[in-house]
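Chain by chain, the residues run as shown.
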Amino acid sequence: MRARMKRSVHALSRTAGRLTSGSRVLPSFLIAGAQRSGTTSLYRALAQHPLILKPVLHKGVHYFDVAYDRGLPWYRAHFPLQATASRLARRYGCRPQAFESSPYYLFHPLACPRIAWDLPGVKVIVLVRDPVERAFSAHAHELARGFENETSFARAVELEESRLAGAVEGLCASPYSVNHAHRHHAYLARGRYAEQLAPLEPLIGRDRVLVLDSGRFFTEPETVYDRVLEFLGLPHIGDPVFERHNPRPRPTPMPEPLRRELTDRFEESDALLTSWLGTEPTWRR
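As annotated in an unreviewed UniProt entry, the chain is Sulfotransferase domain-containing protein from Streptosporangium canum.

**Q** Please explain helix H14 (residues 221–232) as it appears in this structure.
**A** One turn of an α-helix holds 3.6 residues; hence residues three or four places apart share an orientation. Taking 1.5 Å per residue as the helical rise, H14 with its twelve residues ought to reach 16 Å, and the 16 Å between its terminal C-alpha atoms agrees with that figure. Residues of H14 that are buried: Pro221, Val224, Tyr225, Val228, Leu229, Phe231 and Leu232. What you see down the axis of H14 is that its buried residues fit within an arc of 160°, all on one side. Within two residues after H14, glycine 233 carries a phi angle of roughly 75°, on the positive side.

**Q** I would appreciate a short explanation of the state of the cysteines in the present structure.
**A** A covalent bond between the sulfur atoms of two cysteines is what we call a disulfide. Scanning all chains against the criterion turns up zero disulfides. Of all cysteine sulfurs in the structure, the one in cysteine 172 sits closest to cysteine 112, which takes part in no disulfide; the separation is 12 Å. Look at cysteine 112 and you get buried, because its relative accessible area is 9%.

**Q** Can you walk me through helix H2 (residues 39–46) in this structure?
**A** Of all the eight residues making up H2, seven are buried; the element is thus mostly covered by neighbouring parts of the structure. All buried positions along H2 are accounted for by Thr39, Thr40, Ser41, Leu42, Tyr43, Ala45 and Leu46.

**Q** What am I meant to see in the pattern of salt bridges here?
**A** When the charged atoms of two side chains with opposite charge come close together, those side chains can pair. This structure, assessed with the given rule, holds ten salt bridges. Where arginine 265 meets glutamate 261, a salt bridge forms, and the shortest distance between an N and an O atom there is 3.4 Å. Taken together, the residues span about one helical turn, with arginine 265 and glutamate 261 both in helix H15 (residues 256–265) at a distance of four residues. Judged by relative accessible area, which is 41%, glutamate 261 ranks as partly exposed. Aspartate 270 is the salt-bridge partner of arginine 284, the closest N and O atoms lying 2.9 Å from each other. Of this pair, arginine 284 sits in the segment after helix H17 (274–277) while aspartate 270 sits in helix H16 (residues 267–271), and the two are 14 residues apart along the sequence.

**Q** Just checking my understanding: could you explain the layout of surface pockets for this structure?
**A** Of the pockets and cavities examined, the second largest pocket occupies roughly 540 Å³. In terms of lining, the second largest pocket is formed by 27 residues, of which the most central are Phe107, Leu164, Ala189, Arg192 and Glu195. Only helix H6 (111–118), helix H8 (153–164), helix H11 (193–197) and H15 provide two or more residues apiece to the lining of the second largest pocket. Counting residues per element, the lining of the second largest pocket draws most heavily on H8, at six residues. Here the residues of the lining of the second largest pocket sort into 17 nonpolar, three polar and seven charged.

**Q** Just checking my understanding: could you explain the sheet that holds strand E4 (residues 123–128) for this structure?
**A** Within a beta sheet, neighbouring strands are joined by backbone hydrogen bonds and run either parallel or antiparallel to one another. The parallel open sheet is built from five strands, whose spatial order is E2-E3-E1-E4-E5. A single partner strand is all that each edge strand has here, and the edge strands are strand E2 (52–53) and strand E5 (209–213). The sheet contact formed by strand E1 (residues 29–33) and E4 spans four bridges and is parallel. Counterpart to phenylalanine 29 in the pairing with E4 is lysine 123. Sheet strands touched by H2: E1, E2, strand E3 (97–101), E4 and E5. Its angle to E1, the strand with the most contacts, is close to 160°.

Conventions and cut-offs
Just so you know, the residues in each chain are numbered from 1, in the order the chain's sequence is written. Per-residue local features are limited, in this predicted model, to residues with pLDDT of at least 70; the limit for side-chain atom pairs, both in listing and counting, is 80 or more; totals at the level of whole chains, interfaces and linings are taken over all residues. Neither water nor hydrogens contribute to the side-chain values; these are computed over all heavy atoms in the structure. Under the scheme used here, helices are H or I runs from DSSP no shorter than 4 residues and strands are E runs no shorter than 2 residues, and both carry numbers assigned from the N terminus. Here the expected length of a helix is defined as 1.5 Å per residue gap, with one fewer gap than residues. Throughout, exposure labels follow a simple rule: accessible area from a 1.4 Å probe, protein chains only, divided by the maximum for the residue type, with under 20% read as buried, over 50% as exposed, and the rest as partly exposed. Think of it as the arc spanned by the lines of direction from the helix axis to the C-beta atoms. Note on disulfides: each one is a pair of cysteine sulfur atoms within 2.5 Å. A pairing counts as a salt bridge when a side-chain nitrogen of Lys or Arg comes within 4 Å of a carboxyl oxygen of Asp or Glu. Lining residues are those with an atom within 4 Å of a point, where the points come from a 1 Å grid over the protein atoms alone and group into cavities, where a 1.4 Å probe fits but cannot get out, or pockets, open sets with protein on both sides within 12 Å along at least five of seven lines. Grid points are joined across faces, edges and corners, and a volume is the space filled by probe spheres set on the points. Note on residue categories: nonpolar means Ala, Val, Leu, Ile, Met, Phe, Trp, Tyr, Cys or Pro, charged means Asp, Glu, Lys or Arg, and polar means any other residue, Gly included. By definition, two strands form a pair when at least two bridges between them are found by DSSP. Contacts are assigned to residue pairs that have any heavy atoms within 4.5 Å of one another. Structural elements are reduced to axes, namely lines fitted to C-alpha atoms, with helices fitted over the stretch in contact, and the angle between N-to-C directions of any two is expressed from 0 to 180 degrees.

Okay, structure coming up:
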């Protein structure tokens with residue numbers, strides 16, 4: 001009953017949003033990834049700031065990856081009214097900024113050019129995590145959500161290359177299509193962060209991309225939060241509550257030989273992150 005009521009409320013809200021899309025704001029910044037790297041925790045911390053406007057219904061709209069065929073008015077309908085933003089600007093003397101968090105944006109091959117085209121001047125925040133731990137966490141996450149049926153992480157890693165064969169080419173050839181394996185089974189590929197960050201530099205601009213080490217975010221959340229506000233050009237108002245969200249229990253620990261093997265496989269990719277982070281990743285120290 002509650003689920004049906006929630007769906008009805010969301011449907012009404014989306015309808016109202018479409019009817020008023022022309023009077024709604026577009027996001028000034030996006031949290032684009034990486035999946036299982038603390039994006040939800042950062043989203044909820046930022047959403048507590050009075051000048052940061054979250055989407056009306058849920059944190060991730062997923063427009064630039066799996067819903068681009070719906071059009072920009074549909075996307076705009078997910079955000080607050082311009083009147084709300086104006087009221088806040090008068091109250092605080094600073095323009096508020098809307099945002100959303102869709103961690104598939106970083107990995108989807110078409111998301112970056114779409115973002116650059118539709119949101120000129122947008123800023124992008126990316127969190128990165130130990131790619132081995134990220135992969136292990138992602139496997140548990142996909143299992144729990146029913147998108148993965150291979151219970152062995154080691155076996156899922158073995159299958160990844162064949163599962164993803166031709167996925168990028170297919171997505172580019174059929175821009176509005178959705179590839180299940182690319183979205184849900186890219187355990188190692190999503191951890192090659194530098195490869196995914198590379199298109200952001202020419203299309204978005206290096207100065208409008210902030211890459212954060214999630215290891216540091218979880219140990220020094222206040223420092224990282226202040227850095228995000230500085231990047232966005234927003235004043236520090238209030239003290240947010242920092243919490244970890246969406247942790248997934250692991251049924252069994254990762255075998256150490258597999259961990260060492262995967263750590264070695266990510267060595268070159270991790271080294272390329274230094275220029276984005278300004279320091280060596282925490283998991284390599």
